[in-house]
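Architecture at a glance
Next come the chains, spelled out residue by residue.
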Amino acid sequence: MYAIIHTGIQTLFALVTQRYLATALRFIRQLEPFVKTHRDSLMLSNVINYYVICATAFFITGDHRKSLKYVLSALEVPDHQLREDQRVYVRLLHLLIHFEMGNLIELESRVKAVNKFMQQQRSGFKLETLVVDFMQREVLKLGYSEELKEAFISLKEKVDELKADPIESYAFVYFPWSDWIDSKIKDVPLGELIIKKE
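Keep in mind that what you see is a predicted model, and the values were worked out from it rather than measured. (Residues numbered from 1 in each chain as written. Predicted model: local features only at pLDDT ≥ 70, side-chain atom pairs only at ≥ 80, totals over all residues. Heavy atoms only, no water.)

**Brief notes about the side chain of Glu 128**
Filter applied, for reference: Only DSSP runs of H or I reaching four residues or more are called helices, and only runs of E reaching two or more are called strands; each is numbered from the N terminus. Relative accessible area decides the class of each residue, using a 1.4 Å probe on protein chains only: under 20% of the type maximum gives buried, over 50% gives exposed, and in between gives partly exposed. When charges are tallied, Lys and Arg are placed among the positive residues and Asp and Glu among the negative ones, while His and the ends of the chain are skipped. By convention in these notes, a salt bridge is any Lys or Arg side-chain nitrogen within 4 Å of a carboxyl oxygen on Asp or Glu. Contact criterion: two residues are considered in contact whenever any of their non-hydrogen atoms come within 4.5 Å of each other.
With respect to the secondary-structure elements, Glu 128 resides in helix α7 (residues 126-142). Among buried charged residues, Glu 128 stands out as having no salt bridge; its nearest opposite-charge side chain is Arg 87, 9.7 Å away. Those residues within four positions of Glu 128 in sequence are excluded, and the remaining contacts are Val 88, Leu 92 and Met 118.

**Details of the packing of aromatic side chains**
Convention followed: Side-chain rings of Phe, Tyr and Trp, where Trp is taken by its six-membered ring, are said to pair if the distance between their centres is within 6.5 Å; with planes under 30 degrees apart they count as stacked, over 60 as edge-to-face, and otherwise as tilted. In our convention, an over-ring charge means Lys NZ or Arg CZ found within 6 Å of a ring centre and within 35 degrees of that ring's normal.
This structure, assessed with the given rule, holds 15 aromatic pairs. A connected cluster of aromatic rings, assembled from ring pairs, spans Phe 13, Phe 59, Tyr 89, Tyr 174, Phe 175 and Trp 177. Over the ring of Phe 117 we find Arg 91, and its NZ or CZ is 3.8 Å from the ring centre.

**Points about the layout of surface pockets**
Threshold: Here a cavity denotes a set of grid points, spaced 1 Å apart and computed over the protein atoms alone, in which a 1.4 Å probe fits but from which it cannot get out, and a pocket denotes an open set meeting protein on both sides within 12 Å along at least five of seven lines; residues with an atom within 4 Å of a point are reported as lining. Grid points are joined across faces, edges and corners, and a volume is the space filled by probe spheres set on the points. Note on residue classes: Ala, Val, Leu, Ile, Met, Phe, Trp, Tyr, Cys and Pro are nonpolar, Asp, Glu, Lys and Arg are charged, and everything else, Gly too, is polar.
Empty space within the largest pocket amounts to approximately 260 Å³. Together, 13 residues line the largest pocket, and Phe 99, Tyr 144, Leu 148, Lys 184 and Asp 187 are the ones closest to its centre. If you list the elements that add at least two residues to the lining of the largest pocket, you get α5 (84-100), α8 (146-163) and α9 (177-186). For the lining of the largest pocket, the element with the highest residue contribution is α8, accounting for four residues. Among the residues making up the lining of the largest pocket, the classes are represented as six nonpolar, two polar and five charged. Counted as a void, the second largest pocket has a volume near 200 Å³. Lining the second largest pocket are 14 residues; nearest its centre among them are Ile 9, Phe 13, Asn 49, Ile 53 and Arg 83. Listed by contribution, the elements that provide at least two residues to the lining of the second largest pocket are α1 (2-17) and α3 (44-60). Among the elements that take part in the lining of the second largest pocket, α3 stands out by supplying five residues, more than any other.

**Describing empty space enclosed by the protein**
Tallied over the entire structure, the rule returns two cavities of 30 Å³ or more. When its volume is computed, the largest cavity comes out at roughly 90 Å³. Looking at the largest cavity, the residues that line it are Asp 85, Tyr 89, Leu 92, Phe 125, Leu 127, Glu 128, Tyr 170, Ala 171, Tyr 174 and Trp 177. For the lining of the largest cavity, the secondary-structure elements that each account for two or more residues are α5 and α7. Examining the composition of the lining of the largest cavity, we find that three residues originate from one element, α5, more than from any other. The residue inventory of the lining of the largest cavity, partitioned by class, reads eight nonpolar, no polar and two charged. Forming the walls of the second largest cavity are Phe 13, Val 16, Thr 17, Val 52, Ile 53, Thr 56, Val 173 and Tyr 174. Elements supplying a minimum of two residues to the lining of the second largest cavity: α1 and α3.

**Side note on the packing of α7 against α8**
Quick note on the threshold: Lines fitted to C-alpha atoms define the axes here, with helix axes fitted over just the stretch in contact, and angles between the N-to-C directions of these axes take values from 0 to 180 degrees. In what follows, roughly perpendicular refers to angles from 65 to 115 degrees, roughly parallel to angles under 35, roughly antiparallel to angles over 145, and oblique to any angle outside these ranges.
Following both chains from N to C, one finds α7 and α8 inclined at 175°, their axes separated by 11 Å at the closest point. When the axes of α7 and α8 are compared, the pair comes out roughly antiparallel. Together, Lys 126, Leu 127, Leu 130, Phe 134, Glu 138, Val 139 and Leu 142 of α7 and Glu 147, Leu 148, Ala 151, Phe 152, Leu 155, Lys 158, Val 159 and Leu 162 of α8 make up the contact between the two elements. Residue classes in the contact of α7 with α8 are distributed as 11 nonpolar, no polar and four charged.

Structure, rendered in structure tokens:
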């Protein structure tokens, strides 16, 4: 049973990273009862991966409430049990969710917490720092104004430069950063930009 769940989580990851989101969401509905039933018996890394992948899938498809549910589940796991990249990514996704939901007060609180957390980390990706700085310096300052679109255009240039860096490119595995920024510039839902037709 556990090997099947492990394989299922790997399949789910492939579906999400290759942007077959309709199939991924159907797969989540099938996998969810097994993960819930056997959660305490599964390897914690599998459970965390499941939460992170589900949060990403729901975020991309625009279901930010469900994405938040999985992010909060991942954040309940003690930090020492998460991989370093997961610790930061889950927090960044948490920021993006509050941005998308229009929760600027919560976003401000979360940005401060993520900044403090990242200062305590030994290493990380430049992209992570760039996103947090953008949230703090641009989003919290400009709100949802027209000027924010110009700020996103500037952010896109910086992100695209980082994407070309072999080390930084790993930060793009979990989440389509460039596409998310494009969706803000073009004012279209992220899912419309990247979900493959199935």
